[in-house]
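These are the residues of each chain, in order.
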Amino acid sequence: MDNREISQAVIGRLPRYFRYLGELKDEGIERISSQELSDIMKVTASQIRQDFNNFGGFGQQGYGYKVEYLYEEIGRILGLNKSHHLIIIGAGNLGQALANYMNFERRGFLFKGIFDKNPALYGTRIRNMRIRPMDEMETFVRESGIDIAVLTIPKTEAVAVAERLVEAGIRGIWNFAHVDLNVPEEIQVENVHLSDSLMKLTYNISRFENGEG
Ligand code: NAI
């Protein structure tokens, strides 16, 4: 199935389903109705059914969903049925924090290396990996089968580094730099701006304070 036919809003909800189903699976729960899933996730049962209908339904009417099957299928749709090799470019505060966050590996994101242009960092090791100089990047991407790069460098540097990554064969960029990258359409870019989420929070605070909540 071509996921491009599915709305981004539905795709955006899949990771949350995946997370909840993973927890249910870990608790040993084998089957769940859309109503029970709705109660846990605070999403209407009809929304859940509509979302799942995009992928053929996944369940049998009146019988509920098989938790493990649903978990595996959503994981497959999200591309999590295979592992991804990633590198981090920019070993500053954010890059190091992400590198130290081990939980990604449970989902099959294998952290393979971290790069920086600052020679003062080259002796430093993070999770037992040395911070590498940028002139090793292209060869490393090619030889280690790296498919995802995480960009945690200043925005003034990000466009040029992204071009180098594309040239080296990267497939996706998780971009934390506050700039739009100019890459070919076959390269997938996911921009992350924590401040967007914070602004949503302040919007909701002020809406509530104005009695509209
Ligand atoms: P930082 O200054 O601690 O680290 C940046 C690192 O990038 C430094 O080690 C620097 O040597 C390295 N660097 C600079 N140019 C490079 C290049 N061309 N190639 C390789 N390495 C290079 O900064 P911090 O706090 O880690 O933030 C990194 C970036 O992420 C900044 O642009 C910041 O605005 C952004 N950021 C984005 C957030 C978001 O939600 N999207 C949240 C926090 C930071």
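Residues numbered from 1 in each chain as written. Predicted model: local features only at pLDDT ≥ 70, side-chain atom pairs only at ≥ 80, totals over all residues. Heavy atoms only, no water.

Observations regarding the pairing of strand β7 (residues 148-151)
Counted only if it meets this: Each residue is placed in one exposure class: buried if its accessible area under a 1.4 Å probe, protein chains only, is under 20% of its type's maximum, exposed if it is over 50%, and partly exposed if it falls in between. Where helices and strands are cited, they refer to DSSP runs of H or I of at least four residues and of E of at least two residues respectively, numbered from the N terminus. Pairs of strands are assigned from DSSP output, requiring at least two bridges between the strands.
Side-chain alternation along β7 places Ile148 and Val150 on one buried face and Ala149 and Leu151 on a second face that is also buried. Direction of pairing for β7 relative to strand β8 (residues 172-175): parallel, over a ladder of four bridges. From the neighbouring strand, Ala149 faces β8, where its bridge partner is Ile173.

Regarding the nonpolar core
This is how it is decided: Among buried residues, those of type Ala, Val, Leu, Ile, Met, Phe, Trp, Tyr and Cys that are joined through side-chain atoms within 4.5 Å constitute a nonpolar core. The contact definition used throughout considers only heavy atoms, calling two residues in contact when any of these lie within 4.5 Å.
Within the largest apolar cluster, 23 residues are counted, with the highest numbers of intra-cluster contacts made by Ile87, Ile89, Leu151 and Leu165. Only β3 (84-89), α6 (137-143), β7 and α7 (155-168) provide two or more residues apiece to this core. The element that contributes the greatest number of residues to this core is α7, accounting for six residues. With sequence-adjacent residues up to four places away left out, Leu165 is seen in contact with Ile87, Ile89, Met137, Val141, Ala149, Leu151 and Ile170. Formed by 22 residues, the second largest nonpolar core is a distinct cluster that contains Leu21, Ile32, Met41 and Tyr71.

Brief notes about helix α4 (residues 67-77)
If you check which residues of α4 are buried, you get Val67, Leu70, Tyr71, Glu73, Ile74, Gly75 and Ile77. Residue Gly79 follows α4 closely and has a positive phi angle near 75°.

A short note on the pairing of β8
The condition that has to hold: We call a crossover right-handed when, viewed with the strands running away from us, the connection from the first strand over the helix to the second turns clockwise.
Where the polypeptide runs from β7 across α7 and back to β8, its parallel neighbour, the crossover connection is right-handed. Direction of pairing for β8 relative to strand β9 (residues 188-191): parallel, over a ladder of four bridges. Bridge pairing in β9 links Asn175 to Asn191.

Considerations on the site of the ligand
Keep this limit in mind: By convention in this text, a residue qualifies as near a molecule or strand provided that one of its non-hydrogen atoms is within 4 Å of it. Polar contacts here mean pairs of N or O atoms no more than 3.5 Å apart (in protein, one a potential hydrogen donor and the other a potential acceptor; neighbouring residues in sequence count only if both atoms are side-chain atoms). Only the protein chains shown count as covering a residue, and every accessible area follows the Shrake-Rupley method with a 1.4 Å probe.
Near the ligand you find 22 residues, and of these Leu94, Asp116, Glu157, Val192 and Leu194 are the closest. Taking Asn93, its main chain carries an N or O atom lying 3.0 Å from an oxygen atom of the ligand. Burial of the ligand by the protein amounts to 75% of the accessible area it has alone, namely 860 Å². Counting residues per element, the ones that place at least two in the shell around the ligand are α5 (93-99) and α7.

What about the environment of Leu70?
Relative to the assigned elements, Leu70 resides in helix α4. Given a relative accessible area of 0%, Leu70 falls into the buried group. In this structure, the C-alpha to C-alpha distance between Leu70 and Gly57, residues 13 residues apart in sequence, is 9.9 Å. Leaving out residues up to four positions away in the same chain, Leu70 has contacts with Leu21, Phe52, Phe58 and Tyr65.

Regarding the domain arrangement of the chain
Filter applied, for reference: Residue ranges for the domains trace back to a domain assignment, done automatically or taken from a database.
What the domain assignment reports for the chain is domain 1 (8-77) and domain 2 (84-196). Computed over C-alpha atoms, the centres of domain 1 and domain 2 are 32 Å apart.

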